[in-house]
Every structure is written in structure tokens, then in C-alpha cells.
Amino acid sequence: CVACLYPGCTNSTAPNFDPNAIFDDGTCRSDFICTDEEAINTKASYDGCTYQMVQARQEPCRCLYSGCGNESATNFNEDSNTPCIDDVCCTFIVGCTDPTANNYESRATLGGGCRYGRCMDPGAPNYNPKRCCSDPPNDSCVCFDDGSCFNPPKPPP
């Protein structure tokens, strides 16, 4: 039954080896060619790649995908195996990443500019003497009086 035969490359060392092939149809290659249109090396040819190297995605026997490889970026691409240099293609949201700050930004991927409000009047009973920012103070942290100070009325004499 000719229809029962599955043609393909039966050479297990060829990069296009087909483990399902029953008979060799002469299509075995000695080089690897990336055929994924999303890759940046589509149709690039590399000699010396074996099926095992292609399956293991070893250099240079793999399709290459460009993009942001920084997990902190909003445009992180988990398929990227050739990330851009110095994150120049990555997008970050700069904002306060401390959930205890008044201006916490839950979408921020790079920290900075946190603001901490509290009572700063040493005469008020709810005065908070603790430092707002880390020690030593940093430029991206701001303490401010948030208007929460209260001074109870003094008892009559």
C-alpha cells in the first residue's frame, strides 16, 4: 500500500529529520534553515546542525527572536532569545513601587519618586517621629505633612 507509506527525511542526524517518516524521499538537508516568519533569521542557513541540535535549540541551530528580554518591562517578550542591547527596546513605567507610599503606582516597573504623608508637627499627639525614607535619605523619596495632625483643645484653666 503506497498510500500507507509516510515520506520524509529518515536520516536522524539531519536537521529536518522526520521521526514519523517511513521512507526517505530525498529531502534530507545538511544545513538548518529557520522557516518561522516571526524569526529574525528566517531562511538563514547554518551548516553542521543536526536534528538533535535543532530540537535542543542550540546555537546556531535555532530560530532567533528579537525583543525585550527584561521581565520588568511592560513589553517583555518571553520568546525573545536575542534581547535588545541595554534594554533600549524595552518599555518601563516609572513610578513609586512602595505600596505604603501615598503615590504608590501598581503598574510601575521601575521605582522612584515615592511620597510619604504623615503628621510632621512635633507638638501634635499623632506626630510620627520615624523617618519617612530609607537611611541615608535618597532623592527619589519625599516626606510631606499630609494635614493629619490634630491638636485637641486645651482644657480650661
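Computed from a predicted model, the values in this text were never measured in an experiment.

The next point concerns the overall build of the protein chain. Check the secondary structure of the protein chain and you find 1 helix and 8 strands. Along the chain direction, N to C, the helices and strands of the protein chain fall in the order β-β-β-β-α-β-β-β-β. In terms of overall dimensions, the protein chain has a C-alpha envelope of 115 × 35 × 20 Å along the principal axes. A total of 157 residues make up the protein chain; the buried ones form 24% of that total. Counting only contacts in the protein chain whose residues sit at least 6 apart along the sequence, the fraction spanning at least 24 positions is 28%. Accessible surface, the protein chain as shown: approximately 10600 Å² in total, 52% of it carbon and sulfur.

In this section: the state of the cysteines. For the structure shown, the criterion picks out 5 disulfides. Here C9 pairs with C28 through a disulfide, and the sulfurs are 2.0 Å apart. Its torsion about the S-S bond being 110 degrees, the disulfide of C9 and C28 is classed as right-handed. Linking C9 in the loop between β1 (7-8) and β2 (23-24) with C28 in the loop between β2 and β3 (31-33), this pair joins segments that are 19 residues apart in sequence. Relative accessible area serves as the criterion here: at 2%, C9 is assigned to the buried category.

A few words now on a nonpolar patch on the surface. Together, L5, Y6, I22 and F23 line one region of the surface with nonpolar side chains, adding up to about 370 Å² of accessible area. Topologically, Y6 is positioned in the segment before β1.

One pass over the full model with this rule turns up 2 aromatic pairs. Both rings, one in F17 and one in Y51, keep their centres 4.9 Å apart while their planes meet at 80 degrees; by these two values the pair is edge-to-face. With F17 in the loop between β1 and β2 and Y51 in helix α1 (residues 51-55), this pair connects stretches of sequence that are 34 residues apart. Relative accessible area serves as the criterion here: at 19%, F17 is assigned to the buried category. On the basis of relative accessibility, which here comes to 18%, the residue Y51 falls in the buried class. Over the aromatic face of F144 sits the side chain of R115, whose NZ or CZ is 4.3 Å from the ring centroid.

Take the pairing of strand β7 (residues 114-118) next. On β7, burial follows the alternation: C114, Y116 and R118 on one face are buried, whereas R115 and G117 on the facing-out side are not. Relative to strand β8 (residues 141-145), β7 runs parallel, the two being bridged by 5 bridges. Considered in β8, the bridge of R115 is made with V142.

Time to look at the side chain of S80. For S80, the location among the structural elements is in the loop between β5 (66-67) and β6 (82-83). Among the residues examined, S80 registers a relative accessible area of 14% and is labelled buried. Within polar-contact distance, the side chain of S80 engages the backbone oxygen of G67 at 3.2 Å. Among residues more than four places away in sequence, those in contact with S80 are Y65, S66, G67, C68 and G69.

What follows concerns the pattern of salt bridges. Under the counting rule described, the total for this entry stands at 2 salt bridges. Salt-bridge contacts for R29 lead to D31; the nearest nitrogen and oxygen are separated by 2.9 Å. Given the relative accessible area of 36%, R29 is considered partly exposed. With a closest N to O distance of 3.2 Å, E105 and R107 form a salt bridge.

Cut-offs applied
- Residues numbered from 1 in each chain as written.
- Predicted model: local features only at pLDDT ≥ 70, side-chain atom pairs only at ≥ 80, totals over all residues.
- Heavy atoms only, no water.
- Helix = DSSP H or I, 4+ residues; strand = E, 2+ residues; numbered from the N terminus.
- Buried < 20%, exposed > 50% of the residue type's maximum accessible area, 1.4 Å probe, protein only.
- Contact = heavy atoms within 4.5 Å.
- Areas by Shrake-Rupley, 256 points an atom, 1.4 Å probe, with all protein chains shown as cover.
- Disulfide = S-S within 2.5 Å.
- Patch = residues over 30% accessible without salt bridge, like charges linked within 9 Å, V, L, I, M, F, W, Y side chains within 5 Å.
- Salt bridge = Lys/Arg side-chain N within 4 Å of Asp/Glu carboxyl O.
- Phe/Tyr/Trp six-rings, centres within 6.5 Å; stacked < 30°, edge-to-face > 60°.
- Lys NZ or Arg CZ within 6 Å of the ring centre and 35° of its normal.
- Pairing = 2+ DSSP bridges.
- Polar contact = N/O pair within 3.5 Å; in protein donor to acceptor, adjacent residues only side chain to side chain.

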